[in-house]
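# Breakdown of the fold
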Amino acid sequence: MLILNYFTMKEDIKNKIEQLMAKYPKKESALLPALRLVQKAHDNNLTHELVNEVADVIGVSHSRAYGVATYYSMFNIDHVVGKYHLQVDTNIPATLMGAVKIYNYLSTKLGISHGQTTADGLFTLSHVECLASCGTCPVIQVNDKYYEMMTFEKVDMLIDSLRNGIMPELPVVYNWESKCNVLLKNMGVENSTHIEVYKKNGGYQVLSKALAMAPAQIIDEVRNSQLRGRGGAGFPTGIKWSFIPKNNTKPVYLICNADEGEPGTFKDRQILANDPHLLIEGMAISAYALGCKLAFIYIRGEFSWIADILEKAIEEAKTDGQLKDLDIIVHMGAGTYICGEETALIESLEGKRGLPRMKPPFPAVEGLYGCPTIVNNVETLASVPFIIDQGADAFKEFGGPGGYGFKLFGVSGAVNKPGVYECPMGISFKELIEMAGGYSKKVIGVIVGGLSVPILTPEEIERGEGMKMDYESCADYRTALGSGGVMVISDEFSIPEIAARTIKFYNHESCGQCTPCRMGSGMIVRLLEKIAAGNGEKGDIEKIIWFCDNIKGNTLCPTGEAYSTPVKTMVSKFRKEFEQLIKN
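Residues numbered from 1 in each chain as written. Predicted model: local features only at pLDDT ≥ 70, side-chain atom pairs only at ≥ 80, totals over all residues. Heavy atoms only, no water.

### Some points on the pattern of salt bridges
Applied cut-off: Every case where a carboxyl oxygen of Asp or Glu lies within 4 Å of a side-chain nitrogen of Lys or Arg is listed as a salt bridge. Secondary structure elements are taken from DSSP: a helix is a run of H or I of four residues or more, a strand is a run of E of two residues or more, and numbering for both begins at the N terminus. Classification of residues uses two cut-offs on accessible area relative to the type maximum, computed with a 1.4 Å probe and protein chains only: under 20% is buried, over 50% is exposed, and between them is partly exposed.
Taken as a whole and judged by the stated rule, the model has 29 salt bridges. A salt bridge links lysine 573 to glutamate 460; the nearest nitrogen and oxygen atoms lie 2.9 Å apart. On the criterion of sequence distance, the pair formed by lysine 573 in helix H24 (residues 559-573) and glutamate 460 in helix H19 (residues 458-461) is long-range, its members being 113 residues apart. Residue lysine 573 is classed as partly exposed on the basis of its relative accessible area, which comes to 32%. On the accessibility criterion, glutamate 460 (26% relative accessible area) is partly exposed. A salt bridge links arginine 575 to glutamate 579, with the nearest nitrogen and oxygen atoms 3.0 Å apart. Residue arginine 575 and its partner glutamate 579 are both found in helix H25 (residues 575-579); the two are separated by four residues, about one turn of the helix. Given a relative accessible area of 27%, arginine 575 falls into the partly exposed group. Within the structure, one salt-bridge network assembled from shared partners comprises Lys240, Glu341, Glu342 and Lys359.

### Details of the sheet that holds strand E14 (residues 443-447)
Inclusion rule: In this analysis, strands are considered paired if DSSP registers two or more bridges between them. All axes are obtained by fitting lines to C-alpha atoms, using only the stretch in contact for helices, and the reported angles, taken between N-to-C directions, cover 0 to 180 degrees.
In space, the five strands of this open sheet follow the order E5-E13-E12-E15-E14, with mixed pairing throughout. If you trace the sheet from one side to the other, it starts and ends with strand E5 (175-178) and E14, each paired once. Sheet twist, expressed as the average angle between the axes of neighbouring strands with direction ignored, equals 20°. Across four bridges, the pairing between E5 and strand E13 (residues 419-424) is parallel. In the strand pairing of E13, glutamate 177 is matched with tyrosine 421.

### Brief notes about the layout of surface pockets
The criterion, for reference: Definitions used for this entry: grid spacing 1 Å over protein atoms alone; cavity, a set of points where a 1.4 Å probe fits but cannot get out; pocket, an open set with protein on both sides within 12 Å along at least 5 of 7 lines; lining residue, one with an atom within 4 Å of a point. Grid points are joined across faces, edges and corners, and a volume is the space filled by probe spheres set on the points. Amino acids outside the nonpolar list (Ala, Val, Leu, Ile, Met, Phe, Trp, Tyr, Cys, Pro) and the charged list (Asp, Glu, Lys, Arg) are all regarded as polar, and Gly is one of them.
The space that makes up the second largest pocket amounts to roughly 1400 Å³. Lining the second largest pocket are 46 residues, and of these Gly231, Gly232, Ala233, Gly340 and Pro558 lie nearest its centre. Elements with a minimum of two residues in the lining of the second largest pocket: helix H11 (237-241), strand E9 (373-377) and H24. Considering every element that reaches the lining of the second largest pocket, the biggest residue donor is E9, with five residues. Residues of the lining of the second largest pocket, tallied by class, amount to 16 nonpolar, 19 polar and 11 charged.

Below is the structure:
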């Protein structure tokens, strides 16, 4: 058993924390990055004493710092992890692609289970929630490094290498295709993250054009394009921008939401990791239109290597003179689904627990530090340069009234080529699946917009002329486009086990602020796990439906509806499967 020794923070770490504090308008925002820094400097472990020292340096109370450290799942507070922390994603997309088998193989090989550490202190094993690697699962995160498309043989290679003190390179080939050549145009281009390559292909020319326009012209062009937010909610971007108060005298902030935590969604990381300057140019144009001088990229904490890519790209852009009137701070989260919600993200960025706020006031009026704030998704901001360069009408040549523009779709599960596909909005679901190589097994269900949208049967999708991948068509088929994360479920799995794993995720990620969500999700977990184990009782199905009906619309943020609607749909559409697991 490993014993957690008492650590004292070294002076150089304190100096680095002070440098972090100087970056932000309010020093408290440095709390998350400071805790990450200290944990990494102490063998990926935190103690209560270290948290107190961080609090003293930043100037916040010990209780606030401890509350933050215990809220986010990536902080190993008062429990020891080994030299190599092996974290296996077992969420729904990963499960559909064999992750549970990989986890069980690792568990047997190392002789440990979830949360345990080998006697030599080398390995700690954990099963974790979605790592946004849905198209390349099974995935194992070892400390800060992803190992994707894992097999038993690759697991053996990985463990043998780690025993020798070497973090190996196990490269993978990503599946992708573009019908639009906009958001993925630099995929596969050598050195695509470098500014020289980006500029050679026309990069930052649109920013020069935008800076010669009036800010209102840019907002009007984006509004006329009818670009809708690509994070899942689909709110019109130009209208959102116009909510900034006209007589505002406070600073305006722009936040790029790169948290990408919705299971089934792995599109944004393609832009972040392969074309960071496209995002930066989109942010620079948007910031100019909004009168913003300081912007943030809030990126999920597991994407540490992508954060490094972004930091380098921002420095390149500054050196090249592209960000004369704008600073961009890359701010890493620490593992919580709820921070994908914009007000929870803002709370987190302010150095607090990521708890959703009551609305109104909306962030555009009173957001970060009490100032007008716009929060947009990665894909949304990366679409802005095309709109300003080619015009709103050119953007609307893609798609149709059900949704204009180009869109990234992540396809995972029972298809032959899981990956990311850039298509015009309104592409048929059938054609999208063909791009992904077609079904690989017999299909019993499909989720088309991330885990929080209602499931469809294959027969439902093919009804009439077949569903199209846009907002209106998905709504007509009684589901939602959401984030465009498509998960194809084969007959290798049962819907009751999928439903049980779904609600377990949302129960784990509930911030606990709202009683219906906190208690209701827990009750549904118990009921569904009991049914999935074959121990269901008469009345259990009715109880699940009752909980779903009474959670929906009774929580501060959309999380309650994000699980109550899809869970109820699974139970209702596949009720016979659930009934077969009820005793007597």
